[in-house]
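Spelled out, the chains give:
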Amino acid sequence: AQSVTQLGSHVSVSEGALVLLRCNYSSSVPPYLFWYVQYPNQGLQLLLKYTTGATLVKGINGFEAEFKKSETSFHLTKPSAHMSDAAEYFCAVSDHNQGGKLIFGQGTELSVKP
Amino acid sequence: GAGVSQTPSNKVTEKGKYVELRCDPISGHTALYWYRQSLGQGPEFLIYFQGTGAADDSGLPNDRFFAVRPEGSVSTLKIQRTERGDSAVYLCASSIGSGGLPNTEAFFGQGTRLTVV
């Protein structure tokens, strides 16, 4: 069965530093790939997604992610962290022909230090 | 409303009681999903509706859990004989795509926090 692994349940960076949140999936057939963000007391919000085409995808708030088939990875990055980026981030996948059902990783909490 | 609405936002119930959780999707969205998020975990898929029918209920943990969407809009998740282990945040999402195609975005509600005491 498909699974998603996010390395690091908690990541802390300084304001202005690079943000790198890691995500790996398990299936041999590349699924559709997503990153969601959850701010405190708010619902999940889509940051970006990869379905087909260019493997480097850009999302909202300056985030981007690169799909690497050989590594079964979809790591999320942002060149310069801002205090407002502090939130919980979830990587998710959806297998083809599964009706859009999402399988989530366990989440990574991002803290940003001033 | 403009977004996915879930009611109540919080629900405390006693072990063994029956609860209903409601989801109002975005108007016109044909696909509706229920997820459960336990503390410190990512959301876990429960059930997916396309229109009125449950297209995939493989995530429902047991027969105490049931969901309906009789008119293809509002959905209700029903839990019978609640147990303490059912305590979690229950999330609802909807998307406009037919069959939940990945090129359509799933919009999530803020969830219902269920606590079974």
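Quick caveat, the model's predicted, so the values are computed rather than measured. (Residues numbered from 1 in each chain as written. Chains lettered and ligands numbered in written order. Predicted model: local features only at pLDDT ≥ 70, side-chain atom pairs only at ≥ 80, totals over all residues. Heavy atoms only, no water.)

## Comments concerning the interface of chain A and chain B
In plain terms, the rule: Note on contacts: a residue pair qualifies if any of its non-hydrogen atoms lie within 4.5 Å across the two residues. The term buried area refers to how much accessible surface (probe radius 1.4 Å) is lost by two components on association, counted for both of them together. Any carboxyl oxygen of Asp or Glu that lies within 4 Å of a side-chain nitrogen of Lys or Arg is treated as forming a salt bridge with it.
Tallying the contact residues gives 20 residues for chain A and 22 residues for chain B. Taken together, the two surfaces of chain A and chain B that pack against each other cover about 1,600 Å², and 54% of this comes from carbon and sulfur. Summed over the three residues of chain A that lose the most area to chain B, namely Leu44, Gly99 and Lys101 of chain A, the buried surface amounts to 29% of that side. Remark: the boundary between chain A and chain B carries one salt bridge. The salt bridge partner of Lys101 of chain A is Asp56 of chain B, with a shortest N-O separation of 3.3 Å.

## Some remarks on the packing of aromatic side chains
Applicable threshold: Aromatic pairing here means that ring centres of Phe, Tyr or Trp (its six-membered ring) are within 6.5 Å. Orientation follows from the plane angle: under 30 degrees is stacked, over 60 is edge-to-face, and everything else is tilted. Under the scheme used here, helices are H or I runs from DSSP no shorter than 4 residues and strands are E runs no shorter than 2 residues, and both carry numbers assigned from the N terminus. Each residue gets one of three labels from its accessible area relative to the maximum for its type: buried under 20%, exposed over 50%, partly exposed in between, using a 1.4 Å probe on protein chains only.
According to the stated counting rule, one finds 13 aromatic pairs over all chains in the structure shown. For the ring pair Phe90 of chain A and Phe104 of chain A, a centre distance of 6.3 Å and an interplane angle of 90° mean the geometry is edge-to-face. Placement of Phe90 of chain A in strand 10 (residues 87–94) and of Phe104 of chain A in strand 11 (residues 103–104) is noted, with a sequence separation of 14 residues between them. Judged by relative accessible area, which is 9%, Phe104 of chain A ranks as buried. Residues Phe104 of chain A and Phe108 of chain B carry aromatic rings whose centres are separated by 6.2 Å and whose planes lie at 75° to one another, so their mutual orientation is edge-to-face. With Phe104 of chain A in strand 11 and Phe108 of chain B in strand 10 (residues 107–108), this residue pair bridges two chains. Phe108 of chain B carries the same exposure label as Phe104 of chain A, and that label is buried. An aromatic cluster is defined as three or more aromatic residues linked by ring pairs; in this entry it consists of Phe34, Tyr36, Phe90 and Phe104 of chain A together with Tyr33, Tyr35, Phe45, Tyr48 and Phe108 of chain B.

## Re the state of the cysteines
Condition: A pair of sulfur atoms, both from cysteines and within 2.5 Å, is called a disulfide here.
Applying the stated rule across the entire model yields two disulfides over all chains. A sulfur-sulfur distance of 1.9 Å marks the disulfide that ties Cys23 of chain A to Cys91 of chain A. On the sign convention where negative is left-handed, the bridge of Cys23 of chain A and Cys91 of chain A, at about -65° about the S-S bond, is left-handed. Here Cys23 of chain A is found in the loop between strand 3 (19–21) and strand 4 (24–25), whereas its partner Cys91 of chain A is found in strand 10, with 68 residues between them in sequence. Each of the two residues, Cys23 of chain A as well as Cys91 of chain A, counts as buried. The side chain of Cys23 of chain B participates in a disulfide bridge whose partner is Cys92 of chain B; the two sulfur atoms lie 1.9 Å from each other. Its torsion about the S-S bond being -70°, the disulfide of Cys23 of chain B and Cys92 of chain B is classed as left-handed.

## Points about the side chain of Arg36 of chain B
Among the secondary structure elements, Arg36 of chain B is positioned in strand 4 (residues 31–37). Sequence-distant contacts of Arg36 of chain B, that is, excluding residues within four places in its chain, are made with Gly42, Pro43, Glu44, Leu46, Pro61, Phe65, Gly85, Asp86, Ala88, Val89 and Tyr90 of chain B.

## Description of the sheet that holds strand 1 (residues 5–7) of chain B
Residues and elements named next belong to chain B. Inclusion rule: At least two DSSP bridges between two strands are needed for those strands to be called paired. In this analysis an axis means a line fitted to C-alpha atoms, helices contributing only their contacting stretch, and an angle means the value between N-to-C directions, from 0 to 180 degrees.
The antiparallel open sheet is built from four strands, whose spatial order is 1-3-8-7. Here the strands that pair on one side only, and so sit at the sheet edges, are strand 1 and strand 7 (65–68). Taking the axes of each pair of neighbouring strands and ignoring which way they run, one obtains an average angle of 15° across the sheet. The sheet contact formed by strand 3 (residues 19–24) and strand 8 (residues 75–79) spans five bridges and is antiparallel. By the bridge assignment for strand 8, Glu20 is matched with Lys78.

## Examining the nonpolar core
In plain terms, the rule: Residue types Ala, Val, Leu, Ile, Met, Phe, Trp, Tyr and Cys, when buried and joined through side-chain atoms within 4.5 Å, form a set referred to as a nonpolar core.
Ranked by internal contacts, the top residues of the largest apolar core, which has 27 residues, are Trp35, Leu47, Leu48, Phe74, Leu76 and Tyr89 of chain A. Contributing elements (two or more residues each) for this core: strand 2 (10–14), strand 3, strand 5 (32–38), strand 6 (44–50), strand 8 (64–68), strand 9 (73–78), strand 10 and strand 12 (108–113) of chain A. Sorting elements by how many residues they give to this core places strand 10 of chain A first, with four residues. Residues contacting Leu47 of chain A, with those up to four places away along its chain left out, are Trp35, Tyr36, Val37, Gly59, Ile60, Phe63, Leu76 and Tyr89 of chain A. Val4, Ile47, Leu60 and Cys92 of chain B belong to the second-largest nonpolar core, a separate cluster that totals 20 residues.

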